[in-house]
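Commentary on secondary and tertiary structure
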Amino acid sequence: MGTNGGAASEFRGAAIGPKNESGFQLKPLASERALERAERLANLLASIVESSDDAIVSKNLDGIVTSWNKAAERIFGYSATEAIGQPITLVIPQDRLSEEREILTRIRRGERIDHFETVRRRRDGSSIIVSLTVSPVKDAHGNIVGASKIARDITQQKRTQEQISILAREAEHRSKNILSNVQAIINLSQSDTSEGLKEVISGRIQAMANVHSLFVETRWIGAEVSAIAKQEFAPYLEESHQKRIVMEGLQTVLEPIAAQAIAVVLHELATNAIKYGALSNTRGRIELAWSRAEDGQLVLRWTELGGPRVKAPQRKGFGSRLIEGTINPLGGKVLFDWRAEGLVCEIAVPT
């Protein structure tokens, strides 16, 4: 009894498979369950492959496509029907065919290729940048019979990285240019008092800051001449009873370097006109005209009228030196004509 009870308890709960009419077991349930699990796993893996955002492709050792998921259809533009049975070179540019030969050579050696960045060709002929991972595929006996590829489209990522790099270089260039201009302004500024010097430098730097706000509006393409002038003349343009500022010229957009120079120059001319020239009394006015010369340069003409009588200076003042020091490095020219009825300044700047 004890022995039989032990044997019974030893097999109690064990899976008993179906039996035939003679009472012999046909197939263990455990094997059936293992088969079901394997099928479920295979279905799960197939579902993962089909729902992946990355192209997952398999090929044999001759480079012939044997499977092609939905993402591959979307990324490369070929349907599974069109791709399966075709050589993988279907999506490889002519100048990169040597890559495929190298990949197959390494796969035959059992090597895995991780995150290999390259270019592939879509059905419409356009190129995309992909990151490839290629792994050997083995049969039940461990023999390498092909390869599986995972391709991730990183075209937009690369473009974004390149844009960031370009913007970083551009920001560095602009920062250096701004600092160089500020340094020139400081070197060319002078006043009888420290407060006066502070005011002069502050006004000139503010003129640069104003034009930079225009650059933001155009995404750093540049600034339009009339917009630059309106910033400097804003207090006088608001006077409706009298037109003290007359501007005339075709719409002309200047690139940032030239626009900064014109902003500083107009600020300097306006400051001088307020202190000593046409804007120092109630009757004076300014005419500002600009046009493009045949060689493409911007020619800007500043004319003061109705102000105090003008005497030509015996030597160049700091304002004149600043204007020339701003325009000449750009390959431009400045001409001052100190007429009795008012200053005429003509400026030519390459654009």
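The notes below deal with the structure included here. (Residues numbered from 1 in each chain as written. Predicted model: local features only at pLDDT ≥ 70, side-chain atom pairs only at ≥ 80, totals over all residues. Heavy atoms only, no water.)

**Observations regarding the overall build of the chain**
For the chain, the count of helices and strands is 11 helices and 12 strands. A buried classification covers 34% of the 351 residues belonging to the chain. Accessible surface computed for the chain: about 21300 Å², of which carbon and sulfur atoms make up 52%. (Helix = DSSP H or I, 4+ residues; strand = E, 2+ residues; numbered from the N terminus. Buried < 20%, exposed > 50% of the residue type's maximum accessible area, 1.4 Å probe, protein only. Areas by Shrake-Rupley, 256 points an atom, 1.4 Å probe, with all protein chains shown as cover.)

**Overview of the sheet that holds strand β10 (residues 298-305)**
Strand order in this open sheet of five strands is β7-β9-β10-β12-β11, and the pairing throughout is mixed. Two strands lie at the open edges of the sheet, namely β7 (245-249) and β11 (333-339), each paired on one side alone. Within the sheet, the average angular offset between the axes of one strand and its neighbour, ignoring direction, is 10 degrees. Helix α8 (residues 225-232) rests against β7, β9 (285-292) and β10 of the sheet, and its axis sits at about 160 degrees to β9. (Pairing = 2+ DSSP bridges. Axes fitted to C-alpha atoms, helices over the stretch in contact; angles between N-to-C directions. Contact = heavy atoms within 4.5 Å.)

**A closer look at the nonpolar core**
In this structure, Val211, Ile228, Ile262, Leu266, Leu288 and Trp302 are the most contacted members of the largest nonpolar core, which totals 37 residues. At the level of secondary structure, the elements contributing two or more residues to this core comprise α7 (194-217), α8, α10 (256-275), β9, β10, α11 (318-327), β11 and β12 (342-349). Looking at which element gives the most residues to this core, the answer is α10, with 10 residues. In this structure, Val65, Ile75, Tyr78 and Leu132 belong to the second largest nonpolar core, which totals 22 residues. (Core = buried A, V, L, I, M, F, W, Y, C linked by side-chain atoms within 4.5 Å.)

**Some points on the pairing of β10**
For β10, the tally of buried residues reaches six of eight residues, placing the bulk of the element in the interior. For β9 and β10, the ladder comprises eight bridges, and the chain directions are antiparallel. Looking at β10, one finds that Ile286 is bridged to Glu304. Count of turn residues in the β9/β10 antiparallel hairpin: five residues, of which Gly296 carries a positive phi of about 90 degrees.

**A few points about the sheet that holds strand β3 (residues 113-121)**
Hydrogen bonding along the main chain pairs the strands of a sheet, whether they run parallel or antiparallel. Judged by pairing direction, the sheet is antiparallel, and its five strands sit side by side in the order β2-β1-β5-β4-β3 without closing on themselves. Of all the strands in the sheet, the pair left with one neighbour each is β2 (65-68) and β3. Between one strand axis and the next, the sheet turns through 30 degrees on average, direction left out of account. Here seven bridges tie β3 to strand β4 (residues 127-138), and the two strands are oriented antiparallel to one another. Bridge assignment links Thr118 to a residue of β4, and that residue is Val130.

**Some words on the pattern of salt bridges**
What the rule picks out here adds up to 17 salt bridges. For the salt bridge of Asp124 with Arg122, the shortest nitrogen-to-oxygen distance reads 3.1 Å. Assessed through its relative accessible area of 56%, Asp124 is described here as exposed. One salt bridge connects Arg339 with Asp337, and the closest N-O pair in it is separated by 2.8 Å. What makes Asp337 partly exposed here is its relative accessible area of 31%. What you see here is one network of salt bridges that share partners, running through Lys59, Glu100 and Lys149. (Salt bridge = Lys/Arg side-chain N within 4 Å of Asp/Glu carboxyl O.)

**Some thoughts on the pairing of β4**
The side chains of a regular strand alternate, residue by residue, between the two faces of the sheet. Two successive antiparallel strands, β3 and β4, enclose a turn made up of five residues, where Gly125 displays a positive phi of approximately 95 degrees. Sheet topology note: the β4/strand β5 (residues 144-153) ladder contains nine bridges and is antiparallel. Bridge pairing in β5 links Val130 to Asp153. Linking β4 back to β5 in an antiparallel pair, the connection comprises five residues, with Gly142 at a positive phi of about 85 degrees.

**What about α8?**
When α8 is considered as a whole, its buried residues turn out to be Val225, Ser226, Ile228, Ala229 and Glu232. On an axial view of α8, the arc spanned by its buried residues comes to 160 degrees, and they lie on one face. (Arc of directions from axis to C-beta.)

**Considering the environment of Leu288**
Along the chain, Leu288 falls in strand β9. Through-space distance from the C-alpha of Leu288 to that of Arg301 is 5.8 Å; in sequence the pair is 13 residues apart.

**Let's talk about the side chain of Lys149**
Residue placement: Lys149 occurs in strand β5. Here Glu100 takes part through its side chain, which lies 3.0 Å from a polar atom of the side chain of Lys149. Contacts of Lys149, omitting those with residues within four sequence positions, involve Ala55, Ile56, Val57, Lys59, Ile88, Glu100, Ile103, Thr133 and Val134. (Polar contact = N/O pair within 3.5 Å; in protein donor to acceptor, adjacent residues only side chain to side chain.)

**Some points on unusual backbone geometry**
Backbone geometry places His115, a non-glycine residue, at a positive phi of 45 degrees. By relative accessible area, His115 is classed as exposed at 62%.

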